[in-house]
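What follows is each chain in one-letter form.
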Amino acid sequence: MKITVVGSVALDTIKTPFGKIDDALGGSATHFSTAASFFTPINLVGVVGSDFPSEHLDFLSSRNVDISGLEINPEGETFRWEGYYEFDLNTAHTLDTKLNVLSTFEPKIPHDFKNSECVFLANIDPDLQMQVLDQVFSPKLVVLDTMNFWIEHKKDELIQALRKVDIAVMNDAEARELCQTHSLLEASRKILTWGPKTVIIKKGEHGVLMFTENTHFAAPAFPLEDIADPTGAGDSFAGGFLGYLAKSSDLSEPNIRKAVVYGSVMASFNVEDFGLNRMKRLTQEEIEFRYSAFKEITGF
Ligand code: AMP
């Protein structure tokens, strides 16, 4: 199954205790597409400004990512996010969010993308997420991710969007904030009542929880000695998760559990270097090797 993704395509400025990068290629759709493209072709829908370096477009195209749905708005600048992490690399602190061309963006899904069986609504304005869903025909699987910025600015719209998706993915702090409860079990149950059949809660270095109406699955994060930059871990998780599901075309629960592990594998690679540097030199062999290692550390 081909995946259509809508989300941010960004220039990120990031500081961690281990270094800093300025205006690096980032964004939820970019991190997602890069990870998912190891499994299946991707259709990307988004917007950038006239300042967006053409080398980034070349990189995406080289990765099996169809960028014909990536609009270049000549009148504005690319979305920018600036953030930092302390030694607790689990929490991203936002210093600045400049929506720029995202603030007037109206996604137009190219005709060839409308039949996509799989849609990923990456972290972006929930109104835009819904506009995309209105334009695709009848996808078999719709997955949504979000973040605190949209929970704080567009909570009602986000809940509306959640009503239309099969799987909701968010991190623990976001689930707590959205549902106003400390308990992740209670938060997941609340999200399940809004529509999704599965809720996946990402807990950074503490792994992932998955809830359905009757089942509960937990996977650890892959233990790493060195983490350089956690930015994009959530989107890389979603990329590995959905990329594997789309490639296997099997939506049974045992296969969804496998997909959670592939998601965790892809996230673990992404954080080993700044921006997309690690993903740029990642190989299929390394992915399969780490997936096998994951089996070892979780079997008992
Ligand atoms: P994550 O996978 O959660 O670490 O997401 C990281 C990416 O989210 C960064 O590359 C940012 O460009 C992007 N981002 C940050 N804030 C927003 C926002 N409000 N809307 C969309 N994307 C964002």
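Quick note: structure is the one above.
Throughout this description, residue numbers start from 1 for each chain and increase along the sequence as written. Given that the model is predicted, a residue must reach a pLDDT of at least 70 before its local features are reported, and side-chain atom pairs must reach 80 or more before they are shown or counted; all residues, however, enter totals for whole chains, interfaces and linings. The basis for the side-chain values is all heavy atoms of the structure; hydrogens and waters are excluded.

K.L.:
Go over helix H5 (residues 155-162), please, and point to the residues and values.
P.N.:
Note on helix geometry: an α-helix contains 3.6 residues per turn, so any two residues three or four positions apart are oriented the same way. What H5 keeps buried is the set Leu158, Ile159, Ala161 and Leu162. With its buried residues spanning 160 degrees around the axis, H5 presents them on a single face. Every residue pair with non-hydrogen atoms within 4.5 Å of one another is taken to be in contact. Strands here mean DSSP runs of E at least two residues long; helices mean DSSP runs of H or I at least four residues long; both are numbered from the N terminus. As for H5, its buried residues are in contact with helix H3 (126-135), strand S9 (141-145), helix H4 (148-153), strand S10 (167-171), helix H6 (172-179) and helix H7 (184-194). Exposure categories follow from relative accessible area, calculated using a 1.4 Å probe and restricted to protein chains: below 20% of the type maximum is buried, above 50% is exposed, and the middle band is partly exposed. The directions from the helix axis to the C-beta atoms form the arc being described.

K.L.:
Describe the nonpolar core, naming the residues involved and giving the relevant values.
P.N.:
Judged by nonpolar contacts, the single largest core of 56 residues is most densely connected at Ile3, Phe120, Ile200, Phe241, Leu242, Val260 and Ile287. Among all residues touching Ile3, those that are not within four sequence positions of it are Phe32, Ala36, Thr40, Pro41, Ile42, Asn43, Cys118, Phe120, Leu242, Gly243 and Ala246. Buried Ala, Val, Leu, Ile, Met, Phe, Trp, Tyr and Cys residues form a nonpolar core when they are joined through side-chain atoms within 4.5 Å. The next biggest cluster of nonpolar side chains, apart from the first, holds 48 residues, and it includes Ile14, Ile21, Leu128 and Ile151.

K.L.:
With reference to specific residues and values, describe the pairing of strand S2 (residues 10-16).
P.N.:
In terms of burial, S2 is a largely internal element, six of the seven residues being buried. Counted along the chain from S2 to the antiparallel partner strand S3 (residues 19-26), the turn is two residues long. Here, a strand pair is defined by DSSP locating no fewer than two bridges between the strands. Here S2 pairs with strand S6 (residues 79-84) via six bridges, running parallel. By the bridge assignment for S6, Ala10 is matched with Phe79.

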